[in-house]
Amino acid sequence: MPATTARTTEPVARTSADLTPERLADLRRLFPDVFVEGKVDFDKLRSVLGDALAGGPERFTFSWAGRSDAVATLQTPSRGHRQRAHSARDCQAE
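As the structure is a prediction and not an experimental result, all values here were calculated from the model.

Rules used in this analysis
- Residues numbered from 1 in each chain as written.
- Predicted model: local features only at pLDDT ≥ 70, side-chain atom pairs only at ≥ 80, totals over all residues.
- Heavy atoms only, no water.
- Helix = DSSP H or I, 4+ residues; strand = E, 2+ residues; numbered from the N terminus.
- Buried < 20%, exposed > 50% of the residue type's maximum accessible area, 1.4 Å probe, protein only.
- Contact = heavy atoms within 4.5 Å.
- Areas by Shrake-Rupley, 256 points an atom, 1.4 Å probe, with all protein chains shown as cover.
- Phe/Tyr/Trp six-rings, centres within 6.5 Å; stacked < 30°, edge-to-face > 60°.
- Lys NZ or Arg CZ within 6 Å of the ring centre and 35° of its normal.
- Salt bridge = Lys/Arg side-chain N within 4 Å of Asp/Glu carboxyl O.

### What to know about the overall build of the chain
Reasoning step 1: Of the regular secondary structure elements, the chain holds four helices and two strands.
Reasoning step 2: Listed by position from the N terminus, the elements making up the chain come as α-β-β-α-α-α.
Reasoning step 3: Sorting the 94 residues of the chain into buried and exposed places 4% on the buried side.
Reasoning step 4: Sequence separation of at least 24 residues holds for 33% of the intrachain contacts in the chain that already meet a minimum separation of 6.
Reasoning step 5: For the chain, the accessible area works out to roughly 9300 Å², and carbon and sulfur atoms hold 53% of it.

### With respect to the environment of Leu24
Reasoning step 1: Here Leu24 shows up in helix α1 (residues 20-30).
Reasoning step 2: On the accessibility criterion, Leu24 (35% relative accessible area) is partly exposed.
Reasoning step 3: Each C-alpha atom, one on Leu24 and one on Val40, is 8.6 Å from the other, the two residues being 16 residues apart in sequence.

### Here we look at the packing of aromatic side chains
The geometry of an aromatic ring pair comes down to the distance between the two centres and the angle between the two planes.
Reasoning step 1: Here the structure, examined in full by the defined rule, presents zero aromatic pairs.
Reasoning step 2: When the ring centre of Phe35 is taken as reference, the NZ or CZ atom of Arg28 above it lies at 4.1 Å.

### What about the pattern of salt bridges?
Reasoning step 1: All chains considered together, the criterion is met by two salt bridges.
Reasoning step 2: The closest approach of N and O atoms between Asp26 and Arg29, which form a salt bridge, is 3.9 Å. Residue Asp26 and its partner Arg29 are both found in helix α1; the two are separated by three residues, about one turn of the helix.
Reasoning step 3: For Asp26, a relative accessible area of 33% puts it in the partly exposed group.
Reasoning step 4: Classification of Arg29 by relative accessible area gives exposed; the value is 60%.
Reasoning step 5: Among the ionic pairs, Asp43 bridges to Arg46, the shortest N-O distance being 3.2 Å.

Below you can see the structure in the form of structure tokens.
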């Protein structure tokens, strides 16, 4: 009979990482001159990027009412928790 090993579970973080500071640090490293008083000056960023920017009427956009709120919600670190999934064994026990 094969030996069985006990399964151990590792704790899961209940919050997701806030990636904004890391992304801003990357942007600051690449384009330090687009920051004014610690914030991104998008006009300066546009001038630095020049022709690399997408824009104009040819660009496809997918937008709806409340889209900016949805994007802001997606970028907010989560503070939820995981629940154990039910298995067939759990259903038989009930």
